[in-house]
Every structure is written in structure tokens, then in C-alpha cells.
Amino acid sequence: KKRLPTWCRLDRMDDVVIRVDGLSKQYRIGVKPDGYKTLRETLTDGFVAPFRRTMELLRGQASGAAEMDEKIWALKDVSFEIKRGEVVGIIGPNGAGKTTLLKIISRITEPTEGFAEIHGRVGSLLEVGTGFHPELTGRENIFLNGAILGMKKVEIQRKFKEIVDFTEIEKFIDTPVKHYSSGMYVRLAFAVAAHLEPEILLVDEVLAVGDASFQKKCLGKMGDVSREGRTVLFVSHNMSAVRSLCSRCLFLKEGALYLDGNTDDVVTSYLTEILPSRSYATDTSRANRLLNVGTKLRILQVEIHPQGETLRFREPIQITLRAKALESVDDVVFGVGVNTIQGVRLLTVESESAFKVTLAKGEDVSVKVVVPSLSLPPGTYLLAVGARSGGNLSLDSVPEAMVFEVMPKVDELLMAQRPNLGLRPDSDWAIVESARVMNK
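Keep in mind that this is a model prediction, so the values were computed, not measured.

Novice: Help me out: how do you make sense of the sheet that holds strand β13 (residues 317-325) in this one?
Specialist: In any sheet, the strands associate via hydrogen bonds between backbone groups, in a parallel or an antiparallel arrangement. Ordered by their spatial adjacency, four strands build an open sheet running β10-β11-β13-β17, and the pairing between neighbours is antiparallel. Two strands lie at the open edges of the sheet, namely β10 (281-283) and β17 (364-371), each paired on one side alone. Put simply, the sheet's adjacent strands are angled 15° from each other on average, direction ignored. In this structure, β10 lies alongside strand β11 (residues 297-306), joined through three bridges in antiparallel fashion. Across the sheet, residue Asp-283 finds its bridge partner in β11, namely Gln-301.

Rendered as C-alpha cells:
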């Protein structure tokens, strides 16, 4: 039975605002798209096509062309329902079909099979900045982009000051956006989209927009939207953000829905499934990265060198990073961080106090850092690595490069099992003023 298009469906459910049933999307790769043709060219091609086919068969070219016409399934038989007011995270490795799913739900892309029902006004933050005209000022683009996103002029005027305050670029608001920096551009674009107030909000990697402070504002705005009872679908590689915003999570893998459930359980399964658990060396060349990084320098490999066969509490470790410059870069600072599985940062070390590196295009470099005493309680952790240049310009960032486990020392098993052990770093104590010292 053929289903009506999404916008024609009348069997609306009270609680379900998004219903996806058997959704699949197929793409053809290796085929060069045809340009626009005139009527004469179309008629001529139709006349000569049989003769061209015969010549290709005689030359043995047809089989090669057919091999290039490869079809892939970006999504395959995905089904789920989302109720009103739910905040749902969508996670998975690069190429899992996350963006394709949001594009189909937002009606940008048509599915090959299946259908998606949407009940409510939809706002999409998939490609920030769509609809901006470089010759128009920021003020004019706010009204233009707002109209494209479905906002009325009165609504835009009412929200204009709030939008501009959010961007923090008020003095440039009457400057043509072609003179904006990339950071100013995406600030303005996100601010317009974030203040649309849709019933359903689709967000794809919006936390990768702008600098760290603006990312924090974006996360705060997302929290406001969720607290207002609106439905949110949130795609991100930032597991900490997903855990803080979402109560439910969908794990996509190779175009299929691999897992659907509680956020903590799904994220833990994702980290265990995707990342090289309990391995002390990993290739990060294809790891999940934040947007707009890894274009000038790429961290290719990370290795942990424990003192023995395993990482143990309060024993020294060495971490080695190998990176390659895709362009010439100056004053490169490398950093290593350790997070809990829940995304809480516990430890950070940077090379800035020891050295900064200058690399020519195509040059490789390996750097190492030694931590004399691993003050991490026994447990499972995520290793994050990154590189920056100058002030806070991020060159590369791999927030979940490796999963590793810290084991307790044999003579500290009882201590390691105490609750709320926390970190116990080395420290120097001194008496500043006269006081009575209690001997214990």
C-alpha cells in the first residue's frame, strides 16, 4: 500500500511527533552527473546513444563503466518513534548515516524506501549559514535568513535584539557579511536559527561552531530549548554534551539502527564498540573529529607506554603522539587529556611550558610526555589528544582517541576499592603561620 507524503498524513498521533518506518537511502557513486542540456543536445544524444553503446561494447569499455556505477546504502531499514518533548541524541562513527537521517526528516533529501512522519514546525541546524547573501549586511541577512527558516517579519523584529546580543558582533551588524571572519559568520547564522522556536529542532554538530566560549553558549541555548518541552534530535561526536542534554540515544552503525535506549547505556556501548578498548596504541587518522579541524595538521597515532604490561595506579606512564603537517604551521602546542566515560575531564597536560613546534608542509613529528605518577583511580577512561597554534586556534582535536583501563597496584587493592577515591596528586605542604600540628 502506497503511503501519502509526510505533509498529507492525517492519522496524527497525540504523543508521537516523529515516526520513522523502514527508512532507507541509496546513493550512486562513481557516476559523473550530467550538466544541463539544450533540447537539441537531448535529441542528438537520444539518436546517437545506440551507436555509442555498440562502440563501447566493441572496445570493451562498457564493463568498466558498469563497475564504476556502484550503489551504497547510507541508511538501511531504520525505524523508531520519538514522542513530544523528548531530547534524543544520535551518535555513531563518521559515515554511519546520521546527517542523512536528519536531512530526510527535515525534507531536504527524499528517501529511497520507507517514510518519515513529522508533526510540528521543524527547525534545522544542519548546514549553518544557508541562505546568507555575502553582499547584504548582517542586519539584512537576519531578516532574509529568518524568512527562509519560516519566521514572520514581526517575529524577527521582536527577536532582533536577542539575536544580535547572542552573536556578540553588534558593531558589525550593518557591515556586509562578505567582510566577516568565518567565526563571525557562523555566530550570526547559528543565532538566527537557534531563535526560530520550532516545535521540533534538528541539530547536527552545532557545538563545533565557533570558539570554546561560543560553543558553551550554544550548549546553553540547546538546554533552554529542551527545558521548554520542545522535541530535539541532536547529532554530535561530543559524548559529554550528548549525556548532559539527552535522556535517550540512537546509535547508528553502517546505516542501520544498532541500538536505541538510555543515553548512558548507548554511549557506553558506542565507546566499547567503536574505540579500540584496552589497547595502548591507536591510529587516529580516521577517528571522529570536531568540525573545522585537522585541515592544517593531523594527529595520526597515539601510543601509551606503561611501566609494565598494564597501566597501574600511581605508576609512571609515557604518551607518544605522531602528527603530520598538511600546511606550514608555527608555534604548535600539543595537549593530552583524560576524561571519565561520562565525559568529565580529570587531567590535562600541554607541551607549551616545555616547547613549541614549527612544521613545514608535509613534515612529520613525534612528541612524548611522561607523567611520573598516574594519579587516576582504577577504572576505565578516555584519552583525548589535540594540537593548537598561537592563542586558541585549534589545529586538530580527537576527543575520544583511545579507551584505556587503569588497574590498582597489588599492595593497594583495598585502598583502590574505597568509594570516592578521586585524584591524589603529589603536593607540597608548609606551615604559613604558627599552629599546633596534630600527629596522627
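Novice: How should a nonpolar patch on the surface be read in this particular structure?
Specialist: On the surface, Tyr-27, Ile-29 and Ile-72 cluster together to form a nonpolar patch covering roughly 220 Å² of accessible area. Relative to the assigned elements, Tyr-27 resides in strand β1 (residues 16-29). With a relative accessible area of 32%, Tyr-27 lands in the partly exposed category.

Novice: I tried to follow the nonpolar core on my own but got confused; where do I start?
Specialist: Buried together is how nonpolar side chains tend to be arranged in soluble globular proteins. Counting 46 residues, the largest nonpolar core has Ile-91, Ile-142, Leu-188 and Phe-234 as its most contacted members. Among residues more than four places away in sequence, those in contact with Leu-188 are Phe-132, Gly-138, Ile-142, Thr-167, Ile-169, Ile-173, Val-177 and Tyr-180. Counting residues in hydrophobic clusters, the runner-up holds 34 residues, among them Ile-299, Val-338, Val-371 and Ala-387.

Novice: Any chance you could explain the pairing of strand β7 (residues 231-235) here in plain terms?
Specialist: Successive side chains on a regular strand alternate, one facing one side of the sheet and the next facing the other. Among the five residues in β7, five count as buried, and that is most of the element. Of the two faces of β7, the one carrying Thr-231, Leu-233 and Val-235 and the one carrying Val-232 and Phe-234 are both buried. Here strand β3 (residues 87-91) runs beside β7; their pairing, made up of four bridges, is parallel. Pairing of Gly-89 across the sheet is with Phe-234, part of β7. Two elements, strand β6 (residues 200-204) and β7, share five bridges in a ladder whose sense is parallel. For Ile-200, the partnering residue across the bridge sits in β7 and is Thr-231.

Novice: Please clarify how the pattern of salt bridges should be interpreted in this entry.
Specialist: In a structure, side chains of opposite charge can pair up when their charged atoms sit close to one another. Evaluation of the coordinates by the stated rule reveals 16 salt bridges. The salt bridge involving Lys-217 is made with Glu-168; its shortest N-O contact spans 3.2 Å. Taken as a pair, Lys-217 in helix α7 (residues 212-227) and Glu-168 in the loop between α5 (153-167) and α6 (182-194) lie far apart in primary sequence, 49 residues in all. Residues Arg-388 and Glu-350 are paired through a salt bridge, measuring 3.1 Å at the closest nitrogen-oxygen approach.

Novice: Please explain the pairing of β1 as it appears in this structure.
Specialist: Sheet topology places β1 next to strand β2 (residues 70-83); ten bridges connect them, and they run antiparallel. Pairing of Val-20 across the sheet is with Phe-80, part of β2. Pairing geometry for β1 and strand β4 (residues 113-118), over five bridges, is antiparallel. Following the sheet pairing, Ile-18 is matched in β4 by Ile-118.

Novice: Got a minute to help me understand the packing of helix α4 (residues 138-148) against α5 in this structure?
Specialist: The relative placement of two packed helices is expressed as an angle between their axes plus a distance between the axes. Running from N to C, α4 and α5 cross one another at 130°; their axes reach a closest spacing of 10 Å. With respect to their mutual orientation, α4 and α5 come out oblique. The handedness of the crossing between α4 and α5 is right-handed. On α5, the residues touching Arg-139, Ile-142, Phe-143, Gly-146 and Ala-147 of α4 are Lys-153, Ile-156, Gln-157, Phe-160, Ile-163 and Val-164. Looking at the contact of α4 with α5 residue by residue, the class counts come to seven nonpolar, two polar and two charged.

Novice: Looking at this structure, I do not really get unusual backbone geometry. What am I missing?
Specialist: What is expected of a backbone is that most residues other than glycine have negative phi and most peptide bonds are trans. One non-glycine residue, Arg-107, adopts positive backbone phi at about 70°. You can see Arg-107 is positioned in the loop between α3 (98-105) and β4. Among the residues examined, Arg-107 registers a relative accessible area of 45% and is labelled partly exposed.

Novice: It is not clear to me how the side chain of Glu-155 should be interpreted in this structure. Could you clarify?
Specialist: Note that Glu-155 resides in helix α5. Once residues lying within four places of it in the same chain are set aside, the contact partners of Glu-155 are Arg-121 and Leu-196.

Reading the values: the criteria
- Residues numbered from 1 in each chain as written.
- Predicted model: local features only at pLDDT ≥ 70, side-chain atom pairs only at ≥ 80, totals over all residues.
- Heavy atoms only, no water.
- Pairing = 2+ DSSP bridges.
- Helix = DSSP H or I, 4+ residues; strand = E, 2+ residues; numbered from the N terminus.
- Axes fitted to C-alpha atoms, helices over the stretch in contact; angles between N-to-C directions.
- Patch = residues over 30% accessible without salt bridge, like charges linked within 9 Å, V, L, I, M, F, W, Y side chains within 5 Å.
- Areas by Shrake-Rupley, 256 points an atom, 1.4 Å probe, with all protein chains shown as cover.
- Salt bridge = Lys/Arg side-chain N within 4 Å of Asp/Glu carboxyl O.
- Buried < 20%, exposed > 50% of the residue type's maximum accessible area, 1.4 Å probe, protein only.
- Core = buried A, V, L, I, M, F, W, Y, C linked by side-chain atoms within 4.5 Å.
- Contact = heavy atoms within 4.5 Å.
- Parallel < 35°, antiparallel > 145°, perpendicular 65-115°, else oblique.
- Left-handed = near helix turned anticlockwise from the far one by under 90°.
- Nonpolar A, V, L, I, M, F, W, Y, C, P; charged D, E, K, R; others polar.

So yeah, pure geometry; function would need other evidence.
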